[in-house]
Each structure stands twice: as C-alpha cells, then as structure tokens.
Amino acid sequence: MTTTLKLSRLTKTYQGVKALDAVSLEVGRGERVALLGHNGAGKSTMMKILLGLIPYDSGEVQVTGAAPGSAAARKRVAYLPENAAFHPALTGREMLAFYLRLRGEPVSAAAGLLDRVGLGSAAGRRIGTYSKGMRQRVGLAQALIGRPELLVLDEPTSGLDPVSRRDFYTILDGLAADGASILLSSHALTEVEARTDRILILSKGVQVAAGTLADLRAQAALPTRLRVRPASGAGPALAAALAEGVPQADGALLIEVPDGGKLAALARVTALGGQVADVDVEPPSLEDIYSHVSRRDGQ
Amino acid sequence: MTRILASFTAEFRIAVRNRWVAIAVVMMVLFSAVLSAAGSAPTGALGADRLSVTVASLTSLAVYLVPLVALLLAFDAVAGEIERGTLPLLLAYPVSRAEVLIGKMGAHLAVLALALLAGYGTAAVAAVAVDPRALAGLPALFRLFWSSLLLGATFLGIGYALSAWSRRPSGAAGLAIGLWLVAVVLYDLALLAGIVASGDGFFTTRVFPYALIANPADAFRLFNLAASGATAAAAGVGGAAGSIPIWDSLGSILIWPIAALMLAIAAFRRVVP
Ligand SMILES: Nc1ncnc2c1ncn2[C@@H]1O[C@H](COP(=O)(O)OP(=O)(O)O)[C@@H](O)[C@H]1O
Ligand SMILES: [Mg+2]
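This write-up is about the structure you can find in this document. (Residues numbered from 1 in each chain as written. Chains lettered and ligands numbered in written order. Predicted model: local features only at pLDDT ≥ 70, side-chain atom pairs only at ≥ 80, totals over all residues. Heavy atoms only, no water.)

**Topic: the environment of Ala220 of chain A**
Okay, step 1: Positionally, Ala220 of chain A belongs in helix α8 (residues 213-220).
Okay, step 2: In the structure, Ala220 of chain A is positioned 64 residues away from Pro284 of chain A in sequence and 9.2 Å away in space, judged by C-alpha atoms. (Helix = DSSP H or I, 4+ residues; strand = E, 2+ residues; numbered from the N terminus.)

Encoded structure:
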C-alpha cells in the first residue's frame with residue numbers, strides 16, 4: 001500500500017496550549033479515514049498543518065511524498081475548510097471558474113461539477129443568496145476539481161440534510177474507489193461508522209484511539225447488547241428467566257453481555273425456546289466507543 | 001499566468017458588482033467636470049491652451065483623489081479574505097501569494113484606469129469644446145494618465161500591505177485613511193513648516209528636495225508640473241518643481257509601485273490564515 005499522508009509524532013502548541021500532542025497517522029491510497037473528537041480536540045489544526053497553512057512545532061509531515069504546503073503537495077491535495085466561505089458577490093459558476101483556473105483546468109468543467117453536487121440550477125445565482133448547505137456543496141464541488149490524490153474535508157457534512165449527506169458519501173465512495181485518499185472530520189458518528197475504513201479519535205490534542213471500527217471495538221471491550229422480545233403473554237416468564245434484563249418501553253428486555261460472552265448469552269436465550277419472539281444483537285456502536293474513550297480520558 | 005488571470009477576473013467582477021467601478025468613475029467625472037468649469041476664467045491671458053491649464057489643475061486633484069481611490073479599493077484585499085474566511089482555502093490552492101496580489105492589483109488598476117479615462121476624458125472634451133487649440137494639451141493629459149496609474153499602483157500596494165498587517169477590514173480602513181492624511185496632506189504641511197523655519201538654511205536646500213521626491217504623491221505632482229512647464233501656475237510645494245530635475249521625480253514615480261508591491265507581498269507572506 002502506498003502512503004498518501006504520513007504524520008508522525010506531530011505536535012502543535014498555541015500559546016502554551018497543546019492543540020496536538022504527538023499524533024501519528026498514515027493514510028494509504030484509496031483509504032477513507034475519519035477524524036473524530038469534541039470541539040477543540042485539534043481536528044482542524046491537524047488539517048491546516050498538513051495543508052501547510054499553519055506551522056507546527058515538531059514531528060514529521062509528508063503529504064503525497066512532499067512537504068506540507070509545497071507547490072507539489074498543493075497540486076495534489078484538495079481541501080474543504082470548516083464552514084466553507086466564498087465571495088458573496090460571485091455566482092457559483094464564477095466561483096468554480098476561479099478555482100478551476102487556479103488549478104489550470106478548463107473553466108468549462110464548472111457546470112459539470114455543480115451538477116454533480118446538485119447545484120446545477122443555482123449555478124447562475126450569487127453565492128450571497130445560497131443557504132449554508134448550498135455553500136457547503138460549492139465547497140465540495142471545488143474539492144473535486146482535477147483528480148486530487150488526497151481530499152482533506154473538515155466537517156464536510158455539517159449543514160447538509162440527510163439526503164445530501166448520503167449523496168455526499170456516495171461521491172466520496174466513488175473517489176476512494178478511483179484511488180483518492182480521504183481524510184475527513186466529523187461529529188456525526190453514525191454516518192462515519194459505515195462510510196470510512198479507519199477512525200482516529202482525538203481528545204484535547206491527544207490521540208486516544210485509532211484503527212478500524214472492529215479494532216476499536218476490541219480495544220474498548222465494551223458490552224454487546226441483546227434485545228430480547230418475548231412471545232405474546234410470555235413477558236413475565238421471560239423477565240423471570242432473564243433476571244439481569246432491563247425492561248424496555250416496548251416490552252423487550254435489554255441484556256448487556258460483557259465482551260466475549262455473546263455466544264453463551266445467546267445460547268441461554270435460545271434455550272428459552274417458545275417464550276422468545278425475536279432477538280437482536282447490538283454490537284457497541286461507534287458512539288459507545290467514543291463516549292467510552294472520551295470518558296476514560298477524563299471528559 | 002492563468003492563476004494571475006483567475007485572480008484578476010474574480011477581483012474585477014467583484015469590483016463591478018460592489019459598485020466600486022461606478023463609484024470611482026462618478027467621483028472622477030464629477031471632480032473633473034467641476035474643475036473644468038471652475039478653471040475657465042483666466043486662461044487666454046497666460047497664452048497656454050485650455051487643456052494644458054486643465055491638466056495643471058487635474059494634477060492637483062489627482063494628488064488627492066488617486067491615492068484615496070486606490071486605498072479604498074485596496075484596504076479590503078487581504079483583511080476581507082480573512083474576515084470572510086476565504087483565505088485558508090485560497091492558500092491551499094497551488095497559487096503563490098504574489099500571484100494572488102498581482103491579479104488583484106491588475107483588477108484594481110483596471111478599475112482606476114476606467115475612472116481616470118472617464119474623468120480625464122470629460123475634462124478633455126470640455127476643453128476642446130471651447131478651445132480648439134486645446135488639442136495641443138493632449139500629450140500632457142496622456143502623461144497625467146499614466147503617471148496617475150503609477151501613483152495608484154503605489155497606493156494600492158501600500159493598501160494591500162496595511163490590509164495584511166491589520167487583518168481586519170475596519171482596522172485596515174482606518175490605517176488607510178490615516179496613511180492618506182499623512183502622505184498627501186500632513187507631509188506637505190510639515191515640509192512647508194520646515195521651509196518657513198529654516199529659511200534658506202540646510203533644510204530648504206538639502207533636505208527638502210529629497211523629502212519631496214521621496215513622497216510618491218509629491219513626486220507625481222512635481223513630475224507632471226515640471227514636464228508640462230506649468231510650474232509658474234502652481235503655488236506652494238508645487239513651486240519647487242522647477243528646481244528638481246525631472247528624472248528624479250520620474251524615477252521616484254517608477255520605483256514606488258514596484259517597492260509598494262514588494263512590500264505588499266512581504267506583508268501578505270507573513271499572514272497566517
Ligand atoms: N489560532 C488559534 N490560536 C490559539 N488557539 C487556537 C487557535 N486555533 C485553534 N486553537 C485552539 O486549539 C485547539 C484545537 O482547535 P481546533 O483544531 O480548531 O479543534 P477542532 O477542529 O477539533 O474543533 C483548541 O483548544 C483551540 O482553542
Ligand atoms: Mg474544527
């Protein structure tokens with residue numbers, strides 16, 4: 001696997017406050033990596049450093065094999081800043097034409113890019129009249145210009161409605177399949193869960209967890225939940241048989257099974273035979289893992 | 001080159017949309033028209049053609065107006081990008097900060113050129129309409145035009161530097177107005193005070209000529225007055241034009257725009273988005 005982005009022991013201090021503390025990360029070709037963390041965790045700082053926008057104190061940064069912010073790196077990297085802003089007096093098409101020219105691409109590509117992010121009909125309107133979601137999509141459209149090797153997207157889905165979010169991730173999937181690497185930050189854990197290959201969790205500049213979702217689950221060793229629904233009339237009997245179960249509003253029992261005890265618990269439930277209508281197995285979600293590592297880290 | 005063109009095109013569009021073009025054009029036309037009308041009385045007696053006389057008064061106008069328009073166009077250039085939050089994305093693109101600024105300067109110079117063409121053109125038409133000999137003044141008007149652009153470029157560059165230093169448009173606007181006051185008003189007053197105090201002493205003979213040439217606005221005035229031989233008509237600081245070689249003032253108005261652009265680029269390079 002070729003490495004598109006490599007950070008090792010990256011440290012950055014703002015007036016005595018550590019925004020990043022020895023953070024290491026590698027992103028390979030075609031890989032999608034999510035950067036998670038509370039506000040102020042250091043996500044935007046990390047992104048600005050690897051774009052060469054702000055200096056760092058120590059550590060190593062390599063972007064597509066070049067120094068961050070070098071001409072070579074900037075040619076191959078696309079960026080979508082947090083709260084992407086554009087000049088309100090220009091239309092979407094004119095703004096895209098500007099960015100296309102900066103990358104030496106034909107201006108005629110603007111219409112296609114705007115269509116791709118669903119802004120085709122608003123292309124001739126001034127950006128000052130756009131909603132936040134529409135501006136976000138202009139930001140996405142400019143990030144698609146050329147064939148970037150690495151896309152750095154800072155909270156790209158903030159301000160997008162659920163349908164737009166899905167469309168957005170579909171576009172990202174296509175890019176990653178074509179070999180582009182993607183680093184994105186997010187608050188929305190559930191959407192990242194299914195749509196990224198690896199996850200890095202930052203807390204106050206410290207890397208508190210990193211890996212695939214499966215890795216993180218194993219590391220956190222969180223309980224799995226079984227949701228057992230009783231057959232009609234079997235509720236009380238089931239509650240007696242599964243004394244540790246917590247009754248839910250819909251009549252189901254929720255059982256927390258410690259890491260590694262899932263099969264044994266399932267065997268017990270199946271043994272109850274006709275009393276059970278259905279069982280759902282809920283592995284610890286990213287949300288659980290996230291609050292687990294954040295709590296452990298003293299939040 | 002296409003990157004400079006990108007910056008130029010976007011900036012020029014923005015200037016048109018934000019009515020800067022209209023404001024600058026109206027301002028120049030208005031002042032030129034007033035000057036043409038006011039300067040009508042005593043011309044024939046001096047023997048100069050009507051347009052040459054108008055150029056002399058346009059020069060005095062341009063000394064104030066061109067730096068002002070240039071600073072108004074420039075103060076938002078970097079600070080505005082910072083405030084709108086558009087700078088991080090721009091600087092992530094494969095474009096150098098010098099290219100961005102040169103493109104902006106080209107666009108702002110184009111706006112200024114339009115305003116000057118309209119204003120000086122109005123004055124020329126008015127002069128030729130009443131005095132057919134006024135065509136003889138066209139070379140002087142052309143000289144005023146390109147030297148005005150150089151003066152504008154100087155203050156554009158300085159305006160960009162102020163914009164980068166202050167980081168906020170309001171702060172940059174304040175600095176720009178302050179600079180304008182100092183460079184085109186207070187500077188001359190201070191020099192006059194120096195002359196009065198020194199008489200024919202060291203300041204008047206040694207320092208004053210260089211102090212005049214060092215200020216781009218004064219150098220611009222000296223150059224145009226000296227070149228058109230209109231020094232007799234000019235009072236105050238302009239009266240010194242005769243004693244300073246024209247090459248010195250020409251050198252000053254040629255060097256200043258380059259120096260100002262380099263200053264602007266250096267200031268912009270130090271901006272952390
Ligand atoms: N320009 C700055 N000056 C001082 N501190 C800053 C600056 N930018 C960010 N910080 C601090 O650095 C930390 C990380 O911020 P940031 O990277 O924006 O976090 P995130 O994007 O994860 O919300 C925060 O404590 C923030 O207050
Ligand atoms: Mg952030």
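**Comments concerning the site of ligand 1**
Residue and element names in this part refer to chain A.
Okay, step 1: Taken together, Tyr14, Gln15, Ala19, His38, Asn39, Gly40, Ala41, Gly42, Lys43, Ser44 and Thr45 make up all the residues around ligand 1.
Okay, step 2: With respect to ligand 1, the side chain of Tyr14 contributes an N or O atom lying 3.4 Å from a nitrogen atom.
Okay, step 3: A distance of 3.0 Å separates an oxygen atom of ligand 1 from a polar backbone atom of Gly42.
Okay, step 4: If ligand 1 stood free it would expose 560 Å²; the protein chains cover 61% of that surface.
Okay, step 5: The dominant element in the shell around ligand 1, judged by the number of residues it contributes, is helix α1 (residues 43-50), at three residues.
Okay, step 6: When its residues are assigned to classes, the shell around ligand 1 shows three nonpolar, seven polar and one charged. (Near = heavy atom within 4 Å. Polar contact = N/O pair within 3.5 Å; in protein donor to acceptor, adjacent residues only side chain to side chain. Areas by Shrake-Rupley, 256 points an atom, 1.4 Å probe, with all protein chains shown as cover. Nonpolar A, V, L, I, M, F, W, Y, C, P; charged D, E, K, R; others polar.)

**Concerning the nonpolar core**
Okay, step 1: Grouped together as the largest cluster of nonpolar side chains are 161 residues, with contacts concentrated most on Met46 and Leu50 of chain A together with Tyr120 of chain B.
Okay, step 2: The leading source of residues in this core is helix α4 (residues 50-74) of chain B, at 14 residues.
Okay, step 3: Non-local contacts of Leu50 of chain A, meaning those with residues more than four positions away in its chain, are made with Leu5, Leu7, Val61, Val63, Pro68, Leu150, Val152 and Leu183 of chain A.
Okay, step 4: Core analysis: the second largest hydrophobic core is formed by 10 residues, Val228, Ile255, Val257 and Val276 of chain A among them. (Core = buried A, V, L, I, M, F, W, Y, C linked by side-chain atoms within 4.5 Å. Buried < 20%, exposed > 50% of the residue type's maximum accessible area, 1.4 Å probe, protein only. Contact = heavy atoms within 4.5 Å.)

**Brief notes about helix α5 (residues 132-143) of chain A**
Okay, step 1: Spanning 12 residues, α5 of chain A covers 17 Å between terminal C-alpha atoms, matching the ideal 16 Å at 1.5 Å per step.
Okay, step 2: Counting buried positions over the 12 residues of α5 of chain A gives nine, a clear majority of the element.
Okay, step 3: Within the sequence span of α5 of chain A, burial applies to Gly133, Met134, Gln136, Val138, Gly139, Leu140, Ala141, Gln142 and Ala143 of chain A.
Okay, step 4: Against the buried residues of α5 of chain A lie β5 (77-80), α3 (92-102), α4 (109-116), β6 (150-153) and α6 (162-177) of chain A together with α6 (87-92) of chain B. (Expected span 1.5 Å × (residues − 1).)

**With respect to the coordination of the magnesium ion (ligand 2)**
All names here are of chain A.
Okay, step 1: Here the magnesium ion (ligand 2) is held by Ser44 (OG), Glu82 (OE) and Glu82 (OE), and the distances to it run 2.0 to 2.8 Å. With Ser44 in helix α1 and Glu82 in the loop between β5 and α3, this pair connects stretches of sequence that are 38 residues apart.
Okay, step 2: The exposure class assigned to Glu82 is partly exposed, which follows from its relative accessible area of 33%. (Donors = N, O, S within 2.8 Å, 3.2 Å for Na, K, Ca; no water.)

**Here we look at the pattern of salt bridges**
All names here are of chain A.
Okay, step 1: Tallied over the entire structure, the rule returns 21 salt bridges over all chains.
Okay, step 2: With its nearest N and O atoms 2.6 Å apart, the salt bridge here joins Asp173 to Arg32. Placement of the pair is Asp173 in helix α6 and Arg32 in strand β3 (residues 32-36), with a sequence separation of 141 residues.
Okay, step 3: Owing to a relative accessible area of 16%, Arg32 belongs among the buried residues under this scheme.
Okay, step 4: The partner of Arg76 in a salt bridge is Glu149, with the nearest N and O atoms 3.8 Å apart. Residue Arg76 is found in helix α2 (residues 71-76), and its partner Glu149 is found in the loop between α5 and β6; the two are separated by 73 residues along the sequence.
Okay, step 5: Look at Glu149 and you get partly exposed, because its relative accessible area is 37%.
Okay, step 6: Here the salt bridges share partners, and the residues they tie into one network are Arg32, Asp173, Arg195 and Asp197. (Salt bridge = Lys/Arg side-chain N within 4 Å of Asp/Glu carboxyl O.)

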